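Each chain, written out:
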Amino acid sequence: MVSVDDAVRQYLQYVTVERGLAVNTVESYERDLRRYTELLAARGKRDLGAVTAADVAEFLAALRTGDEEHPPLAASSAARAVVAVRGLHAFARKQGLVAADPAREVAPPALPRLLPKAITVAEVERLLEAAGPTEDPDPRVLRDRALLEFLYGTGARISEATGLDVDDLDHAAADPTVLLTGKGGKQRYVPVGSYAVRALDAYLVRGRPALAAAARRKASPAVFLNARGGRLTRQGAWGILREASERSGNTDVSPHTLRHSFATHLLDGGADIRVVQELLGHASVTTTQVYTLVTIDKLREVYAAAHPRAFG
């Protein structure tokens, strides 16, 4: 027999020490489990082994409806709380603290599928032009243009671009490619388009050497350097994108916008979804399929505007 309070205490210690979860995540789990403990206590359940699937389901319902002390939670917040509860019970079962896991039968609420934000080809072109010309003498301008051309031309994540080393590039070959290292260290080769190749050439020949000269220590192997000759950070890359987007007149551009646009424009152009999956580095085609929803929306718009009998 183990009390709910003791089990929660052990579980929070486990996710902190053994799993190394971030402080903010652990604090969120602690708040959610405190509320769960209060609900169980109100139902007369202080022994974790006495908790049933109905108790867990009641907790989820209480999260969604709210009460005098708590406003109703959105599906995403309720899902996070249920994940904490499921983690608690799974941990207790695995550690032999209880004989069963009642939370296995209660799934977190389904979250609405958010369509990725993509901008038009014309908007992409304005964004790239706003980064600066490839003839500019300023090495930072050459870097900024090369970075944004690279992101849109390869569909790379910003972390993949900032983690890129010069040895990963084979842009001078007859069929230019780049080796990207994605999530979990998984690597993939992606072709590099001619526009990105020209921008990279201008930067690597006339821009990067000037930035590398500012390094106080050994030169960084990174493709994209900051003003001190070190590797450009994700925050630095995001700042470059934000400044270019503001100059282009489109402030609604996030770090993932160029990646989303890359995928959407490929599908609009007739690319096979499996090819797009490989280019994006998605483990499952299901992840890539969200982009087909964007394309279908566009088809509907074109149909509604062009077909003589779309509306009667």
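Computed from a predicted structure; not experimentally measured.

1. Section: the overall build of the protein
Right, so step 1: Helix and strand counts for the protein come out as 13 helices and three strands.
Right, so step 2: Here the C-alpha coordinates of the protein stretch approximately 75 × 70 × 35 Å along the principal axes.
Right, so step 3: The burial tally for the protein puts 43% of its 312 residues in the buried class.
Right, so step 4: For the protein, the share of sequence-separated contacts (at least 6 apart) that also reach a separation of at least 24 residues comes to 56%.
Right, so step 5: For the protein, the accessible surface area stands at approximately 17300 Å², while carbon and sulfur atoms represent 52% of it.

2. Describing the packing of aromatic side chains
Right, so step 1: Counted according to the given criterion, the structure contains seven aromatic pairs.
Right, so step 2: Measuring from ring centre to ring centre gives 6.4 Å for Y11 and Y29, while their planes differ by 10 degrees; the resulting arrangement is stacked. Residue Y11 is found in helix α1 (residues 4-18), and its partner Y29 is found in helix α2 (residues 23-42); the two are separated by 18 residues along the sequence. Each member of the pair, Y11 together with Y29, is buried.
Right, so step 3: Where Y11 meets F91, the ring centres are 5.7 Å apart and the plane angle is 50 degrees; that geometry is what we call tilted. Taken together, the residues Y11 in helix α1 and F91 in helix α4 (residues 75-94) connect sequence positions 80 residues apart.
Right, so step 4: We classify Y11 as buried; its relative accessible area is 3%.
Right, so step 5: According to the relative accessible area criterion, F91 is buried, its value standing at 10%.

3. Quick notes on the pattern of salt bridges
Oppositely charged side chains may form a pair once their charged atoms are brought near each other.
Right, so step 1: What the rule picks out here adds up to 12 salt bridges.
Right, so step 2: The partner of D6 in a salt bridge is R9, with the nearest N and O atoms 2.2 Å apart. Here D6 and its partner R9 are both found in helix α1, three residues apart, which amounts to about one turn of the helix.
Right, so step 3: You can call R9 exposed: its relative accessible area is 52%.
Right, so step 4: Of the charged contacts in the structure, one is a salt bridge between R43 and D55, with a shortest N-O distance of 2.7 Å. On the criterion of sequence distance, the pair formed by R43 in the loop between α2 and α3 (53-65) and D55 in helix α3 is long-range, its members being 12 residues apart.
Right, so step 5: The buried category is assigned to D55, whose relative accessible area is 1%.
Right, so step 6: Shared partners join several salt bridges into a network, and the residues in it are R43, K45 and D55.

4. Here we look at the nonpolar core
Right, so step 1: Judged by nonpolar contacts, the single largest core of 48 residues is most densely connected at L147, L148, F150, Y203 and F224.
Right, so step 2: At eight residues, helix α8 (residues 194-212) tops the list of elements feeding residues into this core.
Right, so step 3: In this view, L147 contacts A161, F224, L232, A237 and I240; residues no more than four positions away in its chain are not counted.
Right, so step 4: Core analysis: the next-biggest nonpolar cluster, separate from the first, contains 31 residues, A78, A81, A84 and V98 among them.

5. Quick look at the environment of A118
Right, so step 1: Turning to its location among the elements, A118 is positioned in the loop between α4 and α5 (121-131).
Right, so step 2: According to the relative accessible area criterion, A118 is partly exposed, its value standing at 25%.
Right, so step 3: Residue contacts for A118: discarding those within four places in its chain leaves H260, S261 and T264.

6. Things to note about the side chain of D101
Right, so step 1: In this structure, D101 sits in the loop between α4 and α5.
Right, so step 2: R104 is the oppositely charged side chain nearest to the buried, salt-bridge-free D101, at an N-O distance of 4.8 Å.
Right, so step 3: In terms of polar contacts, D101 uses its side chain to reach the backbone amide nitrogen of A103, at 3.1 Å.
Right, so step 4: Among all residues touching D101, those that are not within four sequence positions of it are H89, A90 and R93.

7. A short note on a negative patch on the surface
Right, so step 1: Taken together, the side chains of E38, D67, E68 and E69 present a region of like negative charge at the surface.
Right, so step 2: Within the fold, E69 resides in the loop between α3 and α4.
Right, so step 3: Owing to a relative accessible area of 69%, E69 belongs among the exposed residues under this scheme.

Definitions and cut-offs
- Residues numbered from 1 in each chain as written.
- Predicted model: local features only at pLDDT ≥ 70, side-chain atom pairs only at ≥ 80, totals over all residues.
- Heavy atoms only, no water.
- Helix = DSSP H or I, 4+ residues; strand = E, 2+ residues; numbered from the N terminus.
- Buried < 20%, exposed > 50% of the residue type's maximum accessible area, 1.4 Å probe, protein only.
- Contact = heavy atoms within 4.5 Å.
- Areas by Shrake-Rupley, 256 points an atom, 1.4 Å probe, with all protein chains shown as cover.
- Phe/Tyr/Trp six-rings, centres within 6.5 Å; stacked < 30°, edge-to-face > 60°.
- Salt bridge = Lys/Arg side-chain N within 4 Å of Asp/Glu carboxyl O.
- Core = buried A, V, L, I, M, F, W, Y, C linked by side-chain atoms within 4.5 Å.
- Lys, Arg positive; Asp, Glu negative; His and termini not counted.
- Polar contact = N/O pair within 3.5 Å; in protein donor to acceptor, adjacent residues only side chain to side chain.
- Patch = residues over 30% accessible without salt bridge, like charges linked within 9 Å, V, L, I, M, F, W, Y side chains within 5 Å.
- Charge placed at Lys NZ, Arg CZ, Asp CG, Glu CD.

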